[in-house]
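For reference, the chains in residue letters:
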Amino acid sequence: MMDDDDRKDSRRASAQSFFQSLDELFDYIETANTEAAQPPSPPPQAKSAPQPSSPPKKAKPAKINLSDFEDAIADLEQFVQQKRQKRPESNQ
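Calculation notes
- Residues numbered from 1 in each chain as written.
- Predicted model: local features only at pLDDT ≥ 70, side-chain atom pairs only at ≥ 80, totals over all residues.
- Heavy atoms only, no water.
- Helix = DSSP H or I, 4+ residues; strand = E, 2+ residues; numbered from the N terminus.
- Buried < 20%, exposed > 50% of the residue type's maximum accessible area, 1.4 Å probe, protein only.
- Areas by Shrake-Rupley, 256 points an atom, 1.4 Å probe, with all protein chains shown as cover.
- Phe/Tyr/Trp six-rings, centres within 6.5 Å; stacked < 30°, edge-to-face > 60°.
- Patch = residues over 30% accessible without salt bridge, like charges linked within 9 Å, V, L, I, M, F, W, Y side chains within 5 Å.
- Salt bridge = Lys/Arg side-chain N within 4 Å of Asp/Glu carboxyl O.
- Lys, Arg positive; Asp, Glu negative; His and termini not counted.
- Charge placed at Lys NZ, Arg CZ, Asp CG, Glu CD.
- Contact = heavy atoms within 4.5 Å.

**Considerations on the overall build of the chain**
Logical step 1: A count of helical and extended segments in the chain gives two helices and zero strands.
Logical step 2: Across the 92 residues in the chain, those meeting the buried criterion constitute 7%.
Logical step 3: For the chain, the exposed surface amounts to about 9,400 Å²; the carbon and sulfur share of it is 54%.

Structure, rendered in structure tokens:
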């Protein structure tokens, strides 16, 4: 059986891993959004009327309920566990 200190260490390591994965996810999303915000320049066209630019649409904040959030956390935990199992242990 695990004692309290082992449980705390395990929780701390899990939380640290979770937040690291979350940071990586945010970095990925930010990179993807930055790339999406810079569309490739259109090829030069023959003389045509300039197209009016429309203002960017503001995204409405998504409504997240607690069960969706819990499911997301469970998915992240499962991902982290699978990642650990695939990683060779080389603590030398």
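Right, picking up where we left off after that structure.
**Focus on the packing of aromatic side chains**
Describing an aromatic ring pair means giving the distance of the ring centres and the angle of the ring planes.
Logical step 1: Scanning all chains against the criterion turns up one aromatic pair.
Logical step 2: An angle of 70° between the planes, with centres 5.3 Å apart, marks the rings of F18 and F19 as edge-to-face.
Logical step 3: Judged by relative accessible area, F18 falls into the buried class, the value being 18%.

**So, a negative patch on the surface**
Logical step 1: Together, D68, E70, D71 and D75 make up a negatively charged patch on the protein surface.
Logical step 2: Examined against the element boundaries, D71 turns out to sit in helix α2 (residues 66-86).
Logical step 3: Overall, D71 belongs to the partly exposed group, its relative accessible area being 47%.

**A closer look at a nonpolar patch on the surface**
Logical step 1: On the surface, a nonpolar cluster with roughly 420 Å² of combined accessible area is contributed by L25, F26, Y28 and I29.
Logical step 2: Turning to its location among the elements, I29 is positioned in helix α1 (residues 4-37).

**Topic: the side chain of S17**
Logical step 1: Examined against the element boundaries, S17 turns out to sit in helix α1.
Logical step 2: Not counting chain neighbours up to four residues away, the residues in contact with S17 comprise V80 and R84.

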